[in-house]
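What follows is each chain in one-letter form.
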Amino acid sequence: DTGVSQNPRHKITKRGQNVTFRCDPISEHNRLYWYRQTLGQGPEFLTYFQNEAQLEKSRLLSDRFSAERPKGSFSTLEIQRTEQGDSAMYLCASTTPGIPREQYFGPGTRLTVT
Amino acid sequence: AQKVTQAQTEISVVEKEDVTLDCVYETRDTTYYLFWYKQPPSGELVFLIRRNSFDEQNEISGRYSWNFQKSTSSFNFTITASQVVDSAVYFCALSEAGTGNQFYFGTGTSLTVIP
């Protein structure tokens, strides 16, 4: 399977803990996006990378959220000092460069903060 | 302001009926792209179609068709002869060339096809 993969698929953590999620895009895709999806809502854009460069991060929800893509391949999304309001599905998507093309989404990481 | 509005939260139809899902968008860019995605109960978003702002031709793909009208800022999606497997949440999305290709999704329409 050469689709977008995300790990872990589920994460339960206690409030105040830090969590990190990983996304492995489709290998030839150099654009990678992170989204958050809460129940009954559409995906909400957080940030995106072209290769290792983070081209947009103003929509990250707070300074507790950060993302990296150090070698231009996989990416990580970290949430520090988690809050109950962070409970959501975190989606990763990848695409080829250039004009906006269809994004291929991973299965998501469901975060539950207790 | 919401850039993509999907006013229909939930729709139920009986199998074999036709159904249209509405999408209205808002943008000041002259170059933009519109998308539809399907999110089945399994949860993974599946790409259905992309349209750019310079191409208003309607498109048909099997039982699916899309009606893009710039005059009304709408990009509606019709499923003909619906099937139970069409049951899913459908999202419309917008990407503007002027905002770094960020994607804006609507809130989705949950379609239930009753056998």
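Rules used throughout
- Residues numbered from 1 in each chain as written.
- Chains lettered and ligands numbered in written order.
- Predicted model: local features only at pLDDT ≥ 70, side-chain atom pairs only at ≥ 80, totals over all residues.
- Heavy atoms only, no water.
- 1 Å grid on protein atoms, 1.4 Å probe; cavity = no way out; pocket = protein on both sides within 12 Å on 5 of 7 lines; lining within 4 Å.
- Points joined across faces, edges and corners; volume = space filled by probe spheres on them.
- Helix = DSSP H or I, 4+ residues; strand = E, 2+ residues; numbered from the N terminus.
- Nonpolar A, V, L, I, M, F, W, Y, C, P; charged D, E, K, R; others polar.
- Core = buried A, V, L, I, M, F, W, Y, C linked by side-chain atoms within 4.5 Å.
- Buried < 20%, exposed > 50% of the residue type's maximum accessible area, 1.4 Å probe, protein only.
- Contact = heavy atoms within 4.5 Å.
- Salt bridge = Lys/Arg side-chain N within 4 Å of Asp/Glu carboxyl O.
- Pairing = 2+ DSSP bridges.
- Axes fitted to C-alpha atoms, helices over the stretch in contact; angles between N-to-C directions.
- Polar contact = N/O pair within 3.5 Å; in protein donor to acceptor, adjacent residues only side chain to side chain.

> What exactly am I supposed to notice about the layout of surface pockets here?
In this approach, a probe sized like a water molecule rolls over the atoms, and the result shows the empty space that is left. What the largest pocket holds in volume is close to 550 Å³. Taken together, 30 residues form the lining of the largest pocket, with Gln37(A), Leu39(A), Gly40(A), Arg110(A) and Gln39(B) sitting closest to its centre. For the lining of the largest pocket, the elements supplying multiple residues, two or more each, are strand S9 (88-95) and strand S11 (109-113) of chain A together with strand S10 (88-96) and strand S12 (109-114) of chain B. Residue classes in the lining of the largest pocket are distributed as 10 nonpolar, 17 polar and 3 charged. By volume, the second largest pocket is sized at about 240 Å³. Along the walls of the second largest pocket sit 17 residues, with Gly42(A), Pro43(A), Glu44(A), Gln2(B) and Phe105(B) positioned nearest its centre. Of all the secondary structure elements, the ones that give two or more residues to the lining of the second largest pocket are strand S4 (31-37) and strand S5 (44-50) of chain A together with strand S11 (103-105) of chain B. In terms of residue class, the lining of the second largest pocket is made up of 6 nonpolar, 7 polar and 4 charged.

> Mind showing me how you'd approach the nonpolar core here?
As a rule of thumb, soluble globular proteins bury nonpolar side chains together. Counting 24 residues, the largest nonpolar core has Trp36(B), Phe75(B), Phe77(B), Tyr90(B) and Leu111(B) as its most contacted members. Taken together, the elements giving at least two residues each to this core come down to strand S2 (10-14), strand S3 (19-21), strand S5 (32-39), strand S8 (64-69), strand S9 (74-79), S10 and S12 of chain B. Sorting elements by how many residues they give to this core places S10(B) first, with 4 residues. When residues no more than four places from it in sequence are discounted, the contact partners of Phe75(B) are Cys23(B), Leu34(B), Phe35(B), Trp36(B), Ile49(B), Arg51(B), Trp66(B), Asn67(B), Phe68(B) and Cys92(B). In this structure, Phe21(A), Leu46(A), Ile79(A) and Val113(A) belong to the second largest nonpolar core, which totals 19 residues.

> Whenever I open this one, the pattern of salt bridges confuses me. Can you help?
Pairing between side chains becomes possible if they bear opposite charge and their charged atoms approach one another. Residue and element names in this part refer to chain A. Applying the stated criterion across every chain yields a total of 8 salt bridges over all chains. For Arg36, the salt bridge identified is with Glu44, shortest N-O distance 3.4 Å. On the basis of relative accessible area, Arg36 is assigned to the buried category, the value being 15%.

> Just to check I follow, could you spell out the sheet that holds strand S7 (residues 65-68) of chain A for this structure?
Residues and elements named next belong to chain A. Read from one edge to the other, the open sheet built from 4 strands follows the order S1-S3-S8-S7, with strand pairing classed as antiparallel. Here the strands that pair on one side only, and so sit at the sheet edges, are strand S1 (5-7) and S7. When strand polarity is set aside, the average angle formed by the axes of neighbouring strands in this sheet is 15 degrees. The sheet contact formed by strand S3 (residues 19-24) and strand S8 (residues 75-79) spans 5 bridges and is antiparallel. The residue bridging Arg22 from the neighbouring strand is Thr76, located in S8.

> I tried to follow the environment of Gln39(B) on my own but got confused; where do I start?
Within the secondary structure layout, Gln39(B) lies in strand S5. Those residues in contact with Gln39(B) that lie beyond four places of it in its chain are Gln37(A), Glu44(B), Leu45(B), Ala88(B), Val89(B) and Phe91(B). In this structure the side chain of Gln39(B) is engaged in a polar contact, spanning 3.1 Å, whose partner is the side chain of Gln37(A).

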